[in-house]
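Observations on the model geometry
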Amino acid sequence: MERSYQSAEGLAAALRAREVTSVELTEEAIARVERDDKAVNAICVPDFDRARAAARGADEARARGEDRPLLGIPVTVKESYNVAGLPTTWGMPQYRDHVPAEDAVQVSRLRAAGAVILGKTNVPLGLQDLQSFNAIYGTTNNPWDRARTSGGSSGGSAAALAAGFGSLSIGSDIGGSLRTPAHFCGVYAHKPTLGLVADRGMVPPTAPAYPVGPELAVVGPMARTARDLTLLLDVMAGPDPLTYGVAHQLALPPARHARLSDFRVLVLEEHPFIATGSAVRAGVNRVADALAEAGAHVERRTSLLPDLAEAATLYTQLLFSGSVARFPVDAYEELRTRAAALSADDRSLAAARLRGMVFSHRDWIEANDRREHHRHGWRRFFAEFDAVVCPITPTPAFPHDHDPDLLARRIDIDGVAYPFFDQLVWAGLATMPGLPATAVPAGLSPDGLPVGVQLIGPMFEDRTPLRLAELLERAIGGFQVPQ
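This text gives an overview of the structure that appears in the document. (Residues numbered from 1 in each chain as written. Predicted model: local features only at pLDDT ≥ 70, side-chain atom pairs only at ≥ 80, totals over all residues. Heavy atoms only, no water.)

Next up on the list: the packing of helix α2 (residues 22-40) against helix α3 (residues 48-63). Viewed as axis vectors pointing N to C, α2 and α3 meet at an angle of 160°, and their least axial separation amounts to 8 Å. It follows that α2 is roughly antiparallel to α3 by the angle criterion. When the axes of α2 and α3 are compared, the crossing they make is right-handed. Taking contact as the criterion, the partners of Ser 22, Val 23, Thr 26, Glu 27, Ile 30, Val 33 and Glu 34 in α2 are, on α3, Phe 48, Ala 51, Arg 52, Ala 55, Arg 56, Ala 58 and Asp 59. Residues belonging to the contact of α2 with α3 are distributed by class as follows: seven nonpolar, two polar and five charged. (Axes fitted to C-alpha atoms, helices over the stretch in contact; angles between N-to-C directions. Helix = DSSP H or I, 4+ residues; strand = E, 2+ residues; numbered from the N terminus. Parallel < 35°, antiparallel > 145°, perpendicular 65-115°, else oblique. Left-handed = near helix turned anticlockwise from the far one by under 90°. Contact = heavy atoms within 4.5 Å. Nonpolar A, V, L, I, M, F, W, Y, C, P; charged D, E, K, R; others polar.)

So, about the environment of Leu 196. Mapped onto the fold, Leu 196 is located in the loop between β9 (188-191) and β10 (218-223). Expressed as a C-alpha distance, the spacing of Leu 196 and Pro 436, which sit 240 residues apart in the sequence, is 9.5 Å. When sequence neighbours within four positions are dropped, the list of residues in contact with Leu 196 reads Leu 233, Ala 237, Gly 238, Leu 250, Leu 252, Phe 460 and Asp 462.

Before going further, it helps to examine the environment of Pro 204. With respect to the helices and strands, Pro 204 occurs in the loop between β9 and β10. When the C-alpha positions of Pro 204 and Arg 32 are compared, they lie 30 Å apart, and in sequence the two are 172 residues distant.

The subject of this paragraph is the pairing of strand β17 (residues 450-456). β17 sits mainly inside the fold: seven of its seven residues count as buried. Residues Pro 450, Gly 452, Gln 454 and Ile 456 line one face of β17 and the alternating positions Val 451, Val 453 and Leu 455 line the opposite face, and both faces are buried. Both strand β13 (residues 387-390) and β17 contribute to a ladder of three bridges, which runs antiparallel. Each bridged residue has a counterpart across the sheet, and for Val 388 the counterpart in β17 is Ile 456. (Buried < 20%, exposed > 50% of the residue type's maximum accessible area, 1.4 Å probe, protein only. Pairing = 2+ DSSP bridges.)

Structure, rendered in C-alpha cells:
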C-alpha cells in the first residue's frame, strides 16, 4: 500500500527506523492534496507552510533522540477547532474573518505529541447537518462517489482520510458527527465516553474557549485503522487541566477481553422509529456472523436493553432543546405556538423535536432525570454484555441534498421516504446516555458504497469497543481504498 494510505502506526515505525523522514511524508501528503482535493474538497483551510516547518522540526527532534506518539505524522483537524492563526468559521459566512489566537486544547495535544497539522477540514453550516457544505468553502464530496455526501459534521475529516490526506484526523460528535462520516466514507471513528476528552477551544466563532463543553457533545479521533484510533485517543483523552485535571488523572480500564470468542454481544438491526435499509442490515449481519464464527456469545434480544423508543424520544428532546437555545425571541415564540398545537397523543419524533425546542428548565430537568434512569439501565445491561453492534444510519451515503429546510428533507430507505432527522436515532442510542461507540467498516453495499456499523460499549470502558473493532478488522477486513 502506498504511504499515503499507510496507518499512523506504520508510519511511526518507519520514522523510528529512519526509513522515511517527516519532511518526505509531509511533502507527499501536500502533493496528494494539491492533486486530488479539487474533486473532493475536504481540506478547506490548508496550512502547508507551517506543516513543512513542523515536519522539519520533527526530523530535527528525532535526530536528537526524541520520540513522541505522533512525532512527524501528518494529520488534519476539523474546521470547528480553534487553531491559532487559522480561521474558525463553522461554515458561517459572517465569521469568515474570525481568526483565534490560541489553539484548542486538542490541537495543543496533537502538537505536543509531535503531529504535523496539514490544515483544517470542511464542515456544514453551524455543524448542524449530516452533510458538509457551506457558503464559504463549498461542498465536500464522498471519495467513493462524488455525487454523494461524505457525511457531517466531520465529513471533511472522513473524506480526507478516505482520500489519503493524512493518516489521522480529529472531529466531534453529538448527532453521529464522527460515526456517520466514517460510515459513509469507509473509515474508523470513535465517539468517546461523555467527558473523557477535553473539548476546550472547539467552540463557535467568537465564543470564549471555556473548559465547559455543550451538553451531549464529545470530541474524538478518526483514522483508517482501529489501532490508530486507540493511538490517537491516548493522545486526546484526559481531563482539562483547568478543571478536573487539577485533581484527577486518567486511568482507563483495559479492554474486557483479548479474543473475539470471549465477547458477549447484542446485535440490533431494527428500530421502532425507522426502517433499516438492506445494505446496512447486511453490514450488521456480516459483523454478527463473524462474531458467531469466532465463538463469541451473540444475542439478538434481551429484556435488559433500555427501551429504544423512549431513548430516541429523550435524545431528540435533549438534542433539539440545545440546538435552538439561542434562537431569537420571535422565532422561539413561533415554535412555542406550533408546539402548543400538537396533539397530546402525537408521539412522533417530529413532535419530540418541536417539544424539545421549547423545553422549559423544568422540562429539561425531568428529561435529564429520565436520562439517568437509562444510564442505570445500561449499567445493568453491561453487567451481562460487553458491546452492542448496531447501525449508525439506516443507509449508506446518500446523494447531496442542499434543501435549506432541514425539517422538510426526506431520507430514502429502500424506496420509502422518512423524515431526514429520524435517521439520528441510531447515533442517539450512544449519545444520550454518554456511552462510547466505535464506527467500523463492515464491507461495501451492492452499489459499491461503504457500510459501517457501530460498537457501543460501557461508560468509560472505551478500550472495550476499540479492542473489539481491532479484532473485527482482522476478521472481516477494514478500510478499502476508494476506486
